[in-house]
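So the chains spell out like this:
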Number of protein chains: 2
Amino acid sequence: MCQLLGMNCNVPTDICFSFEGFCARGGKTDDHKDGWGIAFFESKGCRIFIDAKSSINSPIAELVRNYPIHSTHVIAHIRKATQGEITLENCHPFRRELWERYWVFAHNGDLKDFHPKKTGFYQAVGNTDSEQAFCLILNTLRERFPENKPSLKDFYLVIQEITDKISTHGIFNYLLSDGEYFFAHCSTKLCYIVRQAPFAAAHLIDEDLTVDFSELTKENDRVAVIATTPLTDNEVWTPIQPGELLVFQDGLPIKFA
Amino acid sequence: MCQLLGMNCNVPTDICFSFEGFCARGGKTDDHKDGWGIAFFESKGCRIFIDAKSSINSPIAELVRNYPIHSTHVIAHIRKATQGEITLENCHPFRRELWERYWVFAHNGDLKDFHPKKTGFYQAVGNTDSEQAFCLILNTLRERFPENKPSLKDFYLVIQEITDKISTHGIFNYLLSDGEYFFAHCSTKLCYIVRQAPFAAAHLIDEDLTVDFSELTKENDRVAVIATTPLTDNEVWTPIQPGELLVFQDGLPIKFA
């Protein structure tokens, strides 16, 4: 399977520290080495770096680790292939446009007997269950809200409904965002931490690296980091409950249910 | 306005040499410094690097200059903003999915009084004339061929028709590809060169850099490089005629008209 990393903040923040630890799991401290990817939203703009190489051997991952890109909505993924070959088109995150916004999706899990009809508008380019699930989500959303992006509440209800349906096929942890909304669904394993004042030092699990956030932040900054498993060993991460769909806004989780 | 760079080959080839010279025009030898981007197809997979910084100051452009990514279909762009702010969402190339393939588009020109109806499926995320033109092309193609990607010939006829219509609004040089088809339209300025055996040394115009392709190639390799203006000063580039729409396949231009 795979691992997920997400970030949602109230001010554009770089993800270098978390990505450093996350990357190590792509072949060094863990074996998720069948490709990786990361999407950064900068306002409505979105850039995605993907590579079918392992994240510890990818020059592009090295750039992302060392070059601070400031973003409020980030979704990253390291892959351990269960369905679909190790090719570029099967690397997460996937992206499509809907309602004049880019939507980005990454999945950790494995969906069995999952073959949504190919009648919708969005089609998968690769051959993963994940990209098919993403297309099904967007096709359903577009069907329900053909004209404009709905309110967060209306959106949430539909996303919850589709997610429940897809989850009957297997493990379906995912992150989804358009640079404004940010969804995190836990099917089996996902947790988060909110960093805000008073900031402290954090130490990675996967690399011997400490960052003192009190030296890098302003008083009102708030950053939520979401990951398959905790990235630091001296902070308390909150597990998201199986079946729970969280919305993050300005670095804080919101529960609708 | 902007500048375009494209590459189409019969075997995956890196574009480092051409991109080096092209990049220099993004703030060093020319003033196209309002962002840049490059798309690489690797089979059906596609990755795009974009940055709103000038290509000579972008760490991501530096990576692309130095890290050889091998691809058969490449589209690159350096921007000098005429319409739309200098933001990430306005950087070319743009990408959408159609018929289970990614389509990539970059434009050099300026379209006046161009406001296609927003009734189609594909909508622009940014506010450039270019992205709107791309969406209009895809919306028309989807309308004409709702189910499957047509043959190259049928595709060509429709693309020619849309291109002629859009061209009535102004300058419309563009490159379009899905990793299989590769189109280059010249409205005012676009040229190309085909490199094949016997290979020779090439020297950039914008940087004092020479590469001897005979040392780097195999006998059957063939590479077409398409650019707004020639990138080398010791080779003969062929101007594409205004109004001409060329298809490149395996490193060779094909004329349908």
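Provided above is the structure to which this section pertains.
Remember, it's a predicted structure, so these values are computed and weren't measured experimentally.

1. What to know about the relation of the copies chain A and chain B
With an axial shift of 0.0 Å and an RMSD of 0.0 Å, the rotation relating chain A to chain B amounts to 180°. On the angle and the small slide along the axis, the relation comes out as a two-fold axis.

2. Remarks on the pairing of strand S14 (residues 245–249) of chain A
Residue and element names in this part refer to chain A. Bridging between strand S8 (residues 182–185) and S14 involves 3 bridges; their strand directions are antiparallel. Its bridge partner being in S14, His185 is matched across the sheet by Leu245. The pairing of S14 with strand S15 (residues 252–254) spans 3 bridges and is antiparallel. When the sheet's bridge partners are listed, Gln249 is paired in S15 with Leu252. With antiparallel pairing between neighbouring strands as the criterion, S14 and S15 make up a hairpin whose turn holds 2 residues, including Asp250 at a positive phi of roughly 50°.

3. Some words on the interface of chain A and chain B
It is common to give the size of an interface as the accessible area that goes away when the parts come together. Across the contact, 24 residues belong to chain A and 24 residues belong to chain B. Of all the secondary-structure elements, those providing two or more residues to the side of chain A that touches chain B are strand S3 (45–51), helix H2 (59–66), strand S5 (94–98) and strand S6 (101–111) of chain A. When its residues are assigned to classes, the side of chain A that touches chain B shows 11 nonpolar, 5 polar and 8 charged.

4. Focus: the sheet that holds strand S2 (residues 36–42) of chain A
All names here are of chain A. On the basis of which strands lie adjacent, the open sheet formed by 7 strands has the order S3-S2-S4-S1-S12-S9-S13 and antiparallel pairing. If you trace the sheet from one side to the other, it starts and ends with S3 and strand S13 (238–239), each paired once. Where S2 and S3 come together, 7 bridges link them in antiparallel fashion. The residue of S3 that forms the bridge with Phe40 is Arg47. Docked against the sheet, H2 engages S2 and S3, running at close to 135° with respect to S3.

Scoring rules and cut-offs
Residues numbered from 1 in each chain as written. Chains lettered and ligands numbered in written order. Predicted model: local features only at pLDDT ≥ 70, side-chain atom pairs only at ≥ 80, totals over all residues. Least-squares fit on C-alpha atoms with pLDDT ≥ 70 in both. Pairing = 2+ DSSP bridges. Helix = DSSP H or I, 4+ residues; strand = E, 2+ residues; numbered from the N terminus. Contact = placed C-beta atoms within 7 Å. Nonpolar A, V, L, I, M, F, W, Y, C, P; charged D, E, K, R; others polar. Axes fitted to C-alpha atoms, helices over the stretch in contact; angles between N-to-C directions.

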